[in-house]
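Next come the chains, spelled out residue by residue.
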Amino acid sequence: PTSDARAGEHGMPVVIAHRGASTYAPENTLAAVDKAAELGFSWVENDVQRTKDGELVVLHDDTLRRTTDVEEVFPDRAPWKVRDFTAAEIARLDAGSWFSPAYAGARVPTLKEYMRRIEHNHEKLLLEIKNPELYPGIEQQTLKLLDNEGWLDGGHLGRLIVQSFSADSVRTVHELKPAVITGYLGTPTVAELHRFTRFTDLINPSYGSLSQGYVASVHALAGPHGRSLELLAWTVDDAATAREVAGYGVDGIITNKPDVVRAALGSD
Ligand code: G3P
Ligand code: CA
């Protein structure tokens, strides 16, 4: 297998908690990765971006509006782009109250904090480099941080996949650190897939674009490490779709409701 994300020994797709267990705790926070671990899910997905002063932080949107209280704390800083705020400013924000008062005081984690919590929880990470066009050099910077934190050593490489919607970004990660397992977020045509095999180990499509034939076409090709390409489908939150997609033979399902998907696949 190219990674621990490969379909489990029982042939079941691995279940990946999207942005952490984001239905049950505020997305992309340490609380969300703790919740995933508590529910028994070892794989989590996150999104990485960069602050004005160059700190890598874990956040999905390119603005801080939806998932923090930034509009109250910094009312005159519209449009509240992540890249226009320093790490110290972002550290002041509440990233939990929008979700539930029970999570008041949750913070936007730095990537370093996040990796340490993942390590502490013995979790595995599908790390998305989000909006790389906004952050020149973010691939190198992310890899350096992962290396400093020990995630590029042999024991950790099977617990990490770096993915992006940007093929250029995925290729850059592969060229900088060929040992890292990479994923492309999208659905290249079967003809295009050959080009992707040079730099990506996984093809991770939106489930709506999938068919059994497409999954077979992906599996038929070998990736940069000489092993069969794998496929993780996103974002599947209901039982019927989970069963349908599992029937296509996908290797993993990325979901906001990992408990629902696990129950649907009968792997409870
Ligand atoms: O990992 C797949 C999924 O996260 C891609 O979409 O917008 O939720 O980052 P998005
Ligand atoms: Ca994502």
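Here the structure is a predicted model, which is why all the values come from computation and not from measurement.

Rules behind the numbers
Residues numbered from 1 in each chain as written. Chains lettered and ligands numbered in written order. Predicted model: local features only at pLDDT ≥ 70, side-chain atom pairs only at ≥ 80, totals over all residues. Helix = DSSP H or I, 4+ residues; strand = E, 2+ residues; numbered from the N terminus. Rg over C-alpha atoms; globule rule 2.2 N^0.38 Å. Buried ≥ 20, exposed ≤ 12 C-beta atoms within 10 Å, placed from the backbone. Contact = placed C-beta atoms within 7 Å. Axes fitted to C-alpha atoms, helices over the stretch in contact; angles between N-to-C directions. Parallel < 35°, antiparallel > 145°, perpendicular 65-115°, else oblique. Left-handed = near helix turned anticlockwise from the far one by under 90°. Nonpolar A, V, L, I, M, F, W, Y, C, P; charged D, E, K, R; others polar. Near = placed C-beta within 6 Å. Pairing = 2+ DSSP bridges.

**Topic: the overall build of the chain**
Moving on, step 1. If you tally the helices and strands in the chain, you get 11 helices and 9 strands.
Moving on, step 2. Radius of gyration (C-alpha) of the chain: 18 Å, near the 18 Å computed for a compact globule of 268 residues.
Moving on, step 3. Taken over the C-alpha atoms alone, the chain extends approximately 50 × 40 × 35 Å along its principal axes.
Moving on, step 4. When each of the 268 residues of the chain is scored for burial, the buried share is 46%.
Moving on, step 5. Excluding contacts between residues fewer than 6 apart, the proportion of contacts in the chain whose partners are at least 24 apart in sequence is 59%.

**Notes on the packing of helix H5 (residues 138-148) against helix H7 (residues 167-176)**
Moving on, step 1. It is the contact of H5 with H7, at a shortest axis distance of 9 Å, that shows an interaxial angle of 45 degrees. The orientation of H5 relative to H7 falls into the category oblique. When you trace H5 past H7, the crossing you get is right-handed. Of the residues in H7, those touching H5 at Glu139, Gln140 and Leu143 are Ser169, Thr172, Val173 and Leu176.
Moving on, step 2. Here the contact of H5 with H7 is composed, by residue class, of 3 nonpolar, 3 polar and 1 charged.

**Observations concerning unusual backbone geometry**
Moving on, step 1. The residue after Ala78, namely Pro79, is reached through a cis peptide bond having omega 5 degrees.
Moving on, step 2. By secondary structure assignment, the location of Pro79 is in the loop between helix H2 (70-73) and helix H3 (87-91).
Moving on, step 3. The residue after Trp234, namely Thr235, is reached through a cis peptide bond having omega -25 degrees.
Moving on, step 4. Tracing the backbone through its elements, the reader meets Thr235 in the loop between strand E8 (230-233) and helix H10 (239-247).
Moving on, step 5. A positive phi angle is found at Arg19, which is not glycine, with a value near 60 degrees.
Moving on, step 6. The topology assignment puts Arg19 in the loop between strand E1 (14-17) and helix H1 (30-38).
Moving on, step 7. A positive phi angle, close to 60 degrees, is found at His122, a residue other than glycine.

**Digging into the site of ligand 1**
Moving on, step 1. Around ligand 1, the structure places His18, Glu45, Asp47, His60, Glu128, Leu185, Trp234, Thr235 and Ile254.
Moving on, step 2. Tallied by class, residues from the shell around ligand 1 come to 3 nonpolar, 3 polar and 3 charged.

**Observations concerning the pairing of E1**
Moving on, step 1. Burial along E1 is two-sided: the face carrying Val14 and Ile16 and the face carrying Val15 and Ala17 are both buried.
Moving on, step 2. By the bridge criterion, 4 bridges tie E1 to strand E9 (residues 252-255) in an arrangement that is parallel. Counterpart to Val14 in the pairing with E9 is Gly252.
Moving on, step 3. Here E1 pairs with strand E2 (residues 43-50) via 2 bridges, running parallel. Its bridge partner lying in E2, Ile16 is registered against Trp43.

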